[in-house]
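Fold and contact review
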Amino acid sequence: MNAQTMAQRAYAENALSTRTDRSIEYELFARVTHRIKAAAEAGPRAFPRLVEALHENRKLWTALAVDVVDAENKLPSELRAQIFYLAEFTQVHTGKVLAKKARIAPLLEINAAIMRGLSGRGAKK
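Further remarks concern the overall build of the chain. A count of helices and strands for the chain gives 5 helices and 0 strands. Written out in order from the N terminus, the α and β elements of the chain read α-α-α-α-α. Within the chain, buried positions represent 26% of all 125 residues. If you take every contact in the chain between residues at least 6 apart in sequence, the share linking residues at least 24 apart comes to 54%.

In structure tokens:
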């Protein structure tokens, strides 16, 4: 094993150990939001990709909803309630998007707002 390989392995292990829950959540939101946006911009032929991306987004929001109702969750109760409400909204609005009765923009905006919060940039002004 050469020095470069050893350095890459050491860095990779270190990078994984320094990741925070917030950074992991941010990455998940960024990935699914990008997939939704890319599929939506690709047009009607990409509808199956959009369905898959929206399904992943629903799974992410379901996991968040389950997390915030857990009694062990340390977030303030008001924030937990807001996240739960957003999870419910996302579920309902996704159904409307899939039925072609609503636009996708609100889902992208919600995810972007969550990403801003996770990154510490706060609300958009």
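That was the structure; now back to the text.
Further remarks concern helix H3 (residues 47-69). Compared with an ideal rise of 1.5 Å per residue, which puts 23 residues at 33 Å, H3 spans 33 Å between its outermost C-alpha atoms and is within 8% of the ideal. Within the sequence span of H3, burial applies to Leu50, Ala53, Leu54, Asn57, Leu60, Trp61, Leu64, Ala65 and Val68. Turning to H3, the residues buried within the fold contact helix H2 (21-41), helix H4 (77-98) and helix H5 (105-119).

Turning our eyes to something else, we now look at the pattern of salt bridges. Counted by the stated rule, this structure contains 3 salt bridges. Glu52 serves as the salt-bridge partner of Arg35, at 3.8 Å between the closest nitrogen and oxygen. On the criterion of sequence distance, the pair formed by Arg35 in helix H2 and Glu52 in helix H3 is long-range, its members being 17 residues apart. Here Arg35 falls in the partly exposed class, since its relative accessible area comes to 33%. The class of Glu52 is partly exposed, set by a relative accessible area of 48%. The salt bridge partner of Glu56 is Lys59, with a shortest N-O separation of 3.4 Å. Within this pair, Glu56 and its partner Lys59 are both found in helix H3, separated by 3 residues, close to a single helical turn. For Glu56, a relative accessible area of 30% gives the class partly exposed. When its relative accessible area of 44% is taken as the criterion, Lys59 is described as partly exposed.

So, how was this worked out
Residues numbered from 1 in each chain as written. Predicted model: local features only at pLDDT ≥ 70, side-chain atom pairs only at ≥ 80, totals over all residues. Heavy atoms only, no water. Helix = DSSP H or I, 4+ residues; strand = E, 2+ residues; numbered from the N terminus. Buried < 20%, exposed > 50% of the residue type's maximum accessible area, 1.4 Å probe, protein only. Contact = heavy atoms within 4.5 Å. Expected span 1.5 Å × (residues − 1). Salt bridge = Lys/Arg side-chain N within 4 Å of Asp/Glu carboxyl O.

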